[in-house]
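Coordinate analysis (summary)
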There are 2 protein chains.
Amino acid sequence: MISTLESLSCPSNAVAATDRVLLAHGEGGRLMRRLIQDRILPKLDNEFLRLAGDAAMLPACVGQLAMTTDSFVVSPLFFPGGDIGSLAVYGTVNDLVVAGAVPRWISLALILEEGLEIAVLEHVLTSVAAAARRVGVPVVTGDTKVVPRGAADKIFINTTGVGEIAATPPAGPQALQLGDELIVSGPIARHGIAVMSAREGLEFDPPPTSDSAPLVEAVLSLQRSFVPLRALRDATRGGLGAVLHEWADSCGHTLVIDESVLPMNPETRGACELLGLDPIHVANEGTMVVAVPAGESERAVAVLRGVAETAQAVRIGRVERLGIAAVVVERAAGLRIPLDEPIGAPLPRIC
Amino acid sequence: MISTLESLSCPSNAVAATDRVLLAHGEGGRLMRRLIQDRILPKLDNEFLRLAGDAAMLPACVGQLAMTTDSFVVSPLFFPGGDIGSLAVYGTVNDLVVAGAVPRWISLALILEEGLEIAVLEHVLTSVAAAARRVGVPVVTGDTKVVPRGAADKIFINTTGVGEIAATPPAGPQALQLGDELIVSGPIARHGIAVMSAREGLEFDPPPTSDSAPLVEAVLSLQRSFVPLRALRDATRGGLGAVLHEWADSCGHTLVIDESVLPMNPETRGACELLGLDPIHVANEGTMVVAVPAGESERAVAVLRGVAETAQAVRIGRVERLGIAAVVVERAAGLRIPLDEPIGAPLPRIC
């Protein structure tokens with residue numbers, strides 16, 4: 001699989017000009033209509049796109065809505081465990097589900113660099129379509145822009161999602177209380193390490209793979225089991241550390257995590273050690289932090305472990321009275337180290 | 001005004017590194033939180049953004065929804081009559097209103113190039129905020145990514161909008177009938193010519209200005225006056241010509257327009273002649289095409305002329321039985337010329 005992807009990201013000179021994206025593909029004329037009608041729409045086909053004029057017409061809804069937007073600029077476009085297409089779908093869908101919403105519709109906006117191979121675009125769109133089918137959320141409207149060579153890097157994608165609030169959403173991090181328990185839904189730092197290894201050509205064996213995945217089923221399962229949820233957050237840019245700092249800021253308490261139980265894959269751990277990166281600050285793309293009231297973590301972890309994407313969920317810590325620092329890591333032998341908030345994380349373009 | 005804008009787009013070397021966007025601003029750490037909290041949120045402040053977690057929580061709605069997305073990659077960022085910020089708001093809002101929806105909420109996603117002056121970002125955001133206030137549509141959620149120098153060109157913006165269908169939306173171009181009358185809401189080709197002149201440093205006096213503007217009031221006025229509307233479309237990329245070709249395709253009839261009545265500003269006309277561009281194919285950003293049943297154009301034009309943004313609306317043509325071509329331009333002395341559909345329009349990065 002990797003070799004296929006590498007051949008895509010290292011285009012040979014044999015690719016004909018007609019197999020590449022041209023500036024004219026973005027200019028509203030016949031070429032643009034053909035690109036959209038022949039290459040894009042068939043992959044994403046659904047009742048909304050088929051009727052699309054300037055805007056998609058969506059069915060009436062009755063509940064409260066949630067809306068989220070994300071642009072994806074990941075480099076390389078393809079990496080072990082995912083690609084920019086599925087990442088764009090899961091990233092936006094996950095932002096909706098951790099807010100307590102059922103994802104209903106997403107939009108897809110492409111910024112393409114002149115000269116991009118159409119085959120690469122088609123691979124990405126196939127991945128978008130498969131991811132959208134997996135989560136049952138149609139791409140209802142879209143946009144395509146082309147910029148001259150050098151004005152963007154291959155493909156940037158924006159996905160914006162709208163969901164419906166079905167159950168009562170989690171109260172949010174400002175509602176965290178002393179004694180609340182903290183869970184992480186799977187091994188951390190996989191996405192950032194996978195993308196960085198792919199980008200820098202680091203040859204780990206086995207290669208670290210991204211955790212890019214939808215969290216829809218996991219959150220739905222928690223809701224169906226009536227586990228009381230204080231807060232949910234997918235730990236993307238800035239990793240687990242960024243979520244803990246934001247939550248500590250919001251509630252004014254100290255969050256304490258136990259380093260020895262933090263789940264990690266051996267290949268991710270090895271790469272982090274080699275590269276000198278703290279996995280707590282490395283991005284995830286299908287892993288969330290869950291806060292539940294005291295005594296509820298066992299049930300929450302059991303529910304999460306029943307779902308494929310969160311089968312390795314673990315309780316990692318708790319909320320304590322404000323102490324020496326907003327976030328504290330407990331090391332072996334009870335040593336407590338404040339967790340710094342990095343000024344900026346060390347990995348650009350990981351999502 | 002132009003001189004201020006030029007100084008923004010030609011940054012002097014005197015700008016300190018701290019006054020520029022850094023890669024770290026996009027990495028989920030403290031710098032990113034500060035950029036968003038100190039520079040972005042205060043400008044766009046509203047009840048939704050103040051509470052924003054991963055997704056904005058929107059009030060319940062009862063009707064059918066409409067959703068549209070657009071990315072903006074215009075170069076230069078500032079041009080006579082507008083800038084990328086207001087363009088991004090009006091462009092998305094206009095797509096909703098011509099679909100018959102009342103715009104309710106928009107999202108704002110920024111892709112920033114490392115090294116961009118923060119002052120430029122602030123100018124753009126001030127413009128986004130002013131445009132959003134003008135149309136009464138809050139920016140409810142957002143995203144900020146930073147890519148390394150050279151991986152994007154200054155700022156790309158995605159705005160995605162959600163609206164509610166209030167009245168019955170126009171039937172759409174497939175419903176166009178013989179005898180239907182075609183209206184254009186104002187002078188054409190202004191946006192494409194203004195952006196191109198600014199980009200190429202062409203010194204026309206007076207400079208051509210963009211028509212970038214919201215069409216909310218104009219469409220609302222038509223609806224309030226119960227003018228029967230067959231189809232509406234803002235004539236953006238590909239200009240008036242692209243709309244006419246799409247509509248002719250949809251309905252299977254011939255659309256005939258009278259060249260002598262096409263509204264144009266003298267400075268736009270002069271620039272088009274000098275540059276050898278056919279204004280029919282040049283983009284607009286606040287000008288729409290309206291189709292109404294036979295005999296209704298006089299009333300529709302009168303209503304449009306009562307609104308500031310469409311004060312120069314004109315009836316330009318009609319729907320006829322399929323003839324020699326899908327779109328026909330009537331020249332002086334009744335000469336009828338088929339209007340070609342360009343393969344790609346000649347102006348990249350105009351929106």
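As shown above, the structure is provided for reference.
Right, let's walk through the structure included here. Keep in mind it's a predicted model, so treat the numbers as computed, not measured. Residue positions are counted from 1 within each chain, in the order its sequence is given. Chain letters and ligand numbers both follow the written order, the letters beginning at A and the numbers at 1. Under the rules for a predicted model, residues below a pLDDT of 70 receive no local features and side-chain atom pairs below 80 are neither given nor counted, while totals for whole chains, interfaces and linings still include all residues. Note that the side-chain values use all heavy atoms of the structure and ignore hydrogens as well as water.

Core analysis: the largest hydrophobic core is formed by 94 residues, its most contacted members being Leu-182, Leu-222, Leu-240, Trp-247, Ile-257, Met-288 and Val-290 of chain B. A helix here means a DSSP run of H or I that spans at least four residues, while a strand means a run of E at least two residues long, and both kinds are numbered starting from the N terminus. Looking at this core element by element, the count peaks at 10 residues for helix H5 (residues 118–135) of chain B. Buried Ala, Val, Leu, Ile, Met, Phe, Trp, Tyr and Cys residues that are joined via side-chain atoms within 4.5 Å together make up what is termed a nonpolar core. Think of it in three bands: with a 1.4 Å probe and only protein chains considered, a residue is buried below 20% of the maximum accessible area for its type, exposed above 50%, and partly exposed in between.

This paragraph deals with unusual backbone geometry. Here the residue pair Ser-75 of chain A and Pro-76 of chain A is connected by a cis peptide bond, since its omega of 0 degrees sits within 30 degrees of zero. Relative to the helices and strands, Pro-76 of chain A resides in the loop between strand E2 (65–72) and strand E3 (78–79). For the bond from Asp-205 of chain B to Pro-206 of chain B, the omega torsion is 0 degrees, close enough to zero to count as cis. Relative to the assigned elements, Pro-206 of chain B resides in the loop between helix H6 (190–200) and helix H7 (216–224). Even without being glycine, Ala-333 of chain A reaches a positive phi, approximately 60 degrees. On the secondary structure map, Ala-333 of chain A appears in the loop between strand E13 (327–330) and strand E14 (336–338).

Residue-level contacts link 75 residues of chain A with 75 residues of chain B. Summing both partners gives a buried area of about 5,900 Å² for chain A against chain B, and 57% of it is carried by carbon and sulfur. On the chain A side of the contact with chain B, Asp-54, Met-67 and Arg-237 of chain A bury the most area, a combined 14% of that side's loss. The salt bridge criterion pairs a side-chain nitrogen of Lys or Arg with a carboxyl oxygen of Asp or Glu, the two atoms within 4 Å. With a closest N to O distance of 2.9 Å, Arg-237 of chain A and Asp-143 of chain B form a salt bridge. Whenever a nitrogen or oxygen atom comes within 3.5 Å of another N or O atom, the pair is scored as a polar contact, on the condition that within protein one atom can donate a hydrogen and the other can accept it, and that pairs from neighbouring residues in sequence are kept only if both atoms are in side chains. Across the contact surface, chain A and chain B share 21 residue pairs in polar contact (both at pLDDT 80 or more). Three categories are distinguished: nonpolar for Ala, Val, Leu, Ile, Met, Phe, Trp, Tyr, Cys and Pro, charged for Asp, Glu, Lys and Arg, and polar for the others, with Gly belonging to the last. When its residues are assigned to classes, the side of chain A that touches chain B shows 40 nonpolar, 19 polar and 16 charged. Paired strands are those between which DSSP finds at least two bridges. Bridge analysis of E2 of chain A against strand E1 (residues 56–58) of chain B gives 3 bridges, and the strand direction is antiparallel. Note that in E1 of chain B the partner of Ala-66 of chain A across the bridge is Met-57 of chain B. Working rule for contacts: check all heavy atoms of both residues, and any pair within 4.5 Å makes them a contact. The term buried area refers to how much accessible surface (probe radius 1.4 Å) is lost by two components on association, counted for both of them together.

Once that is clear, we can look at the relation of the copies chain A and chain B. One copy of the chain maps onto the second through a rotation about an axis and a displacement along it. The operation relating chain A to chain B is a screw motion whose rotation component is 180 degrees, with 0.0 Å of axial translation and a residual RMSD of 0.0 Å. Taken together, these values place the two copies in the relation of a two-fold axis. If distances are taken from each C-alpha of chain A to the rotation axis, the shortest is found for Ala-152 of chain A, at 2.1 Å. Here the copies are superposed with least squares, the fitted atoms being C-alpha atoms of residues at a pLDDT of at least 70 in both.

Okay, the environment of Val-73 of chain A next. As for its placement among the helices and strands, Val-73 of chain A is situated in the loop between E2 and E3. Classification of Val-73 of chain A by relative accessible area gives buried; the value is 1%. Between the C-alpha atoms of Val-73 of chain A and Ala-308 of chain A, which are 235 residues apart in sequence, the distance is 27 Å. Ignoring sequence-local partners within four residues, the contact set of Val-73 of chain A consists of Phe-156, Arg-349 and Cys-351 of chain A together with Ile-111, Lys-145 and Val-147 of chain B.

This paragraph deals with the environment of Glu-298 of chain B. Turning to its location among the elements, Glu-298 of chain B is positioned in helix H10 (residues 297–305). Note: C-alpha distance between Glu-298 of chain B and Leu-232 of chain B (66 residues apart in sequence) is 16 Å.

Remark on secondary structure: sheet strands pair via backbone hydrogen bonds, oriented parallel or antiparallel. Residue and element names in this part refer to chain A. In space, the 7 strands of this open sheet follow the order E9-E11-E8-E12-E10-E13-E14, with mixed pairing throughout. Looking at strand neighbours, the two that pair on one side only are strand E9 (231–234) and E14, the edges of this open sheet. Between one strand axis and the next, the sheet turns by 25 degrees as a mean value, whatever way the strands run. Pairing between E9 and strand E11 (residues 288–292): 4 bridges, direction antiparallel. Paired with Arg-233 across the bridge in E11 is Val-289. In this analysis, axes come from line fits to C-alpha atoms, helices being fitted only over the stretch in contact, and the angle between any two N-to-C directions falls in the range 0 to 180 degrees. Against the sheet, helix H4 (residues 84–98) engages E9 and E11, with an angle of about 170 degrees to E9. Helix H10 (residues 297–305) contacts strand E8 (181–184), E11 and strand E12 (314–320) of the sheet and is inclined by roughly 15 degrees relative to E8.

We now examine the pairing of strand E7 (residues 155–165) of chain A. All names here are of chain A. Of all 11 residues making up E7, 11 are buried, and the element is well covered by its neighbours. Residue alternation in E7 divides its side chains into two sets, Ile-155, Ile-157, Thr-159, Gly-161, Gly-163 and Ile-165 and Phe-156, Asn-158, Thr-160, Val-162 and Glu-164, and both sets are buried. With 8 bridges joining them, E2 and E7 adopt antiparallel strand pairing. For Ala-66, the partnering residue across the bridge sits in E7 and is Gly-163. With 11 bridges joining them, strand E5 (residues 101–113) and E7 adopt antiparallel strand pairing. Across the sheet, Leu-112 pairs through a bridge with Ile-155, a residue of E7.

Quick look at the sheet that holds E7 of chain A now. Read from one edge to the other, the open sheet built from 5 strands follows the order E6(A)-E5(A)-E7(A)-E2(A)-E1(B), with strand pairing classed as mixed. Each having just a single partner strand, strand E6 (139–147) of chain A together with E1 of chain B make up the two edges of the open sheet. Here the average twist between neighbouring strands, direction ignored, is 20 degrees. Bridge count for E5 of chain A against E6 of chain A is 8 bridges, and the pairing is parallel.

What follows deals with the environment of His-245 of chain B. With respect to the secondary-structure elements, His-245 of chain B resides in helix H8 (residues 239–251). The exposure class assigned to His-245 of chain B is buried, which follows from its relative accessible area of 9%. For the pair His-245 of chain B and Ser-86 of chain B, spaced 159 residues apart in sequence, the C-alpha separation works out to 28 Å. His-245 of chain B has contacts with Arg-33 of chain A together with Val-327, Leu-339, Asp-340 and Glu-341 of chain B, leaving out every residue within four places of it along the chain.

Looking at the secondary structure, you find Glu-285 of chain A in the loop between helix H9 (266–275) and E11. Setting aside residues no more than four positions away along its own chain, Glu-285 of chain A makes contact with Leu-87, Gly-91, Asn-94, His-191, Asp-211, Ser-212, Ala-213, Thr-236 and Cys-351 of chain A.

Moving on, we come to the pattern of salt bridges. Where side chains of opposite charge bring their charged atoms close, a pairing between them can arise. As enumerated under the stated definition, the model contains 38 salt bridges over all chains in all. In this structure, Glu-309 of chain A engages Arg-134 of chain A in a salt bridge whose closest nitrogen and oxygen atoms are separated by 2.7 Å. Of the two residues, Glu-309 of chain A sits in the loop between H10 and E12 while Arg-134 of chain A sits in helix H5 (residues 118–135), which places them 175 residues apart along the sequence. The exposure class of Glu-309 of chain A is partly exposed, given its relative accessible area of 26%. The exposure class of Arg-134 of chain A is partly exposed, given its relative accessible area of 48%. Between Glu-217 of chain B and Arg-224 of chain B there is a salt bridge, with the nearest N and O atoms lying 3.6 Å from each other. On the accessibility criterion, Glu-217 of chain B (37% relative accessible area) is partly exposed. Of the residues examined, Arg-224 of chain B reaches a relative accessible area of 52% and is grouped as exposed. Connected through shared salt-bridge partners, Asp-70 and Arg-237 of chain A together with Asp-143 and Lys-145 of chain B make up one network.

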